[in-house]
Amino acid sequence: HFLPQNGEPGFIRTSFVATLLHYDDSTIGLLTNRSIDFVDIHTKKIRNIWVNSILTNPSALYCDESKVFWVGSLGTGLAKLVPMRKNFKTATERDSLTVGMSFSSVRAMYEGSDGDLWVGGHVGFNRLSKENKKYLNDYREAKWEPVQPLNGYNIFSVIEDPFDKKQLWVGSEKAGLFQYN
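Here we summarise the structure given alongside this text. (Residues numbered from 1 in each chain as written. Predicted model: local features only at pLDDT ≥ 70, side-chain atom pairs only at ≥ 80, totals over all residues. Heavy atoms only, no water.)

Quick look at the overall build of the chain now. Tallying secondary structure elements over the chain gives 0 helices and 15 strands in all. In the chain, the proportion of contacts linking residues at least 24 apart, taken out of those at least 6 apart, comes to 37%. Accessible surface computed for the chain: about 10,000 Å², of which carbon and sulfur atoms make up 51%. (Helix = DSSP H or I, 4+ residues; strand = E, 2+ residues; numbered from the N terminus. Contact = heavy atoms within 4.5 Å. Areas by Shrake-Rupley, 256 points an atom, 1.4 Å probe, with all protein chains shown as cover.)

Set out below in structure tokens:
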């Protein structure tokens, strides 16, 4: 059982854990309302890698195949945390990705096998193609594409169909389960 210990190194910073993810064979990543932490499953040691200073109410965490972190929040959109040596650099205000998305409250993220990033949230579902990811350092150039059949719904989860990589399964709050291709 891991509890906060006044922000001391090696402890989580809060008792609220929003998202867990499998980072590698021996590490679990966790997003709290104050930080991203790594837990070594063998030694049980915790390493704080990012302290939240730009997002309110962090709600979703995703790590893509190049080990870049995507942090969604309820109200301030999406931030990209790029690995830099052994540390992580937070996205700046200029790098905020809320511009262009059809919503600012992020609840779900998924990177498809084709490299496209799918982001769902409060009344919306958006796609950022693999080709457009290179523009993410300048949000004015990022081309988010709203997914029309799913805009207007609160999206909470998305996964790719394991048998048909062109199909997504999307879970929503009141409209149930969608299959999208």
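That was the structure; now back to the text.
Working definition: an aromatic ring pair is given by the centre-to-centre distance plus the angle between the planes. Under the counting rule described, the total for this entry stands at 7 aromatic pairs. Taking the centre distance of 5.5 Å and the plane angle of 20° together, the rings of Trp118 and Phe125 count as stacked. Classification of Trp118 as buried rests on a relative accessible area of 9%. Aromatic side chains Tyr153 and Phe178 sit 5.1 Å apart centroid to centroid with 55° between the ring planes, which places their arrangement in the tilted category. A residue pair is termed long-range when its members are at least 10 positions apart, and Tyr153 in the loop between strand 12 (145-146) and strand 13 (155-160) and Phe178 in strand 15 (residues 177-180) qualify at 25 residues. On the accessibility criterion, Phe178 (19% relative accessible area) is buried. Of the aromatic side chains, those joined through ring pairs into one cluster are Tyr23, Phe38 and Phe69. (Phe/Tyr/Trp six-rings, centres within 6.5 Å; stacked < 30°, edge-to-face > 60°. Buried < 20%, exposed > 50% of the residue type's maximum accessible area, 1.4 Å probe, protein only.)

Here we take up the sheet that holds strand 11 (residues 124-128). Pairing is antiparallel in the open sheet, where 4 strands are placed in the order 9-10-11-12. Each of the sheet's edge strands pairs with one partner strand only, and the pair in question is strand 9 (106-111) and strand 12. Of the pairings in the sheet, the one linking strand 9 to strand 10 (residues 117-121) comprises 5 bridges and is antiparallel in character. In the sheet register, Ala108 faces strand 10, and the bridge partner there is Gly120. (Pairing = 2+ DSSP bridges.)

It is worth spelling out the nonpolar core at this point. One recurring pattern in soluble globular proteins is that nonpolar side chains are buried together. In this structure, Trp70, Leu78, Met101, Val106, Met109, Val119 and Trp144 are the most contacted members of the largest nonpolar core, which totals 13 residues. Those residues in contact with Val119, other than ones at most four positions away along the chain, are Leu78, Met101, Phe103, Val106, Ala108, Met109, Gly124, Phe125, Asn126 and Trp144. With 12 residues, the next largest nonpolar core counts Leu21, Ile36, Val71 and Leu81 among its residues. (Core = buried A, V, L, I, M, F, W, Y, C linked by side-chain atoms within 4.5 Å.)

This part takes up the pattern of salt bridges. Scanning the entire structure with this criterion turns up 3 salt bridges. Where Arg127 meets Glu145, a salt bridge forms, and the shortest distance between an N and an O atom there is 2.4 Å. Note that Arg127 is positioned in strand 11 and Glu145 in strand 12, a separation of 18 residues in sequence. Across the pair Glu160 and Lys165 runs a salt bridge, and its minimum N-O distance is 3.9 Å. With relative accessibility at 9%, the residue Glu160 sits in the buried group. One network of salt bridges, with partners in common, ties together Asp116, Arg127 and Glu145. (Salt bridge = Lys/Arg side-chain N within 4 Å of Asp/Glu carboxyl O.)

Read from one edge of the open sheet, 3 strands run 13-14-15, paired in antiparallel fashion. Single-partner strands in this sheet number two, and they are strand 13 and strand 15. Along the sheet, successive strands turn relative to each other by an average axial angle of 20°, direction set aside. As paired strands, strand 14 (residues 168-172) and strand 15 are joined by 4 bridges and run antiparallel to one another. Following the sheet pairing, Leu168 is matched in strand 15 by Tyr180. (Axes fitted to C-alpha atoms, helices over the stretch in contact; angles between N-to-C directions.)

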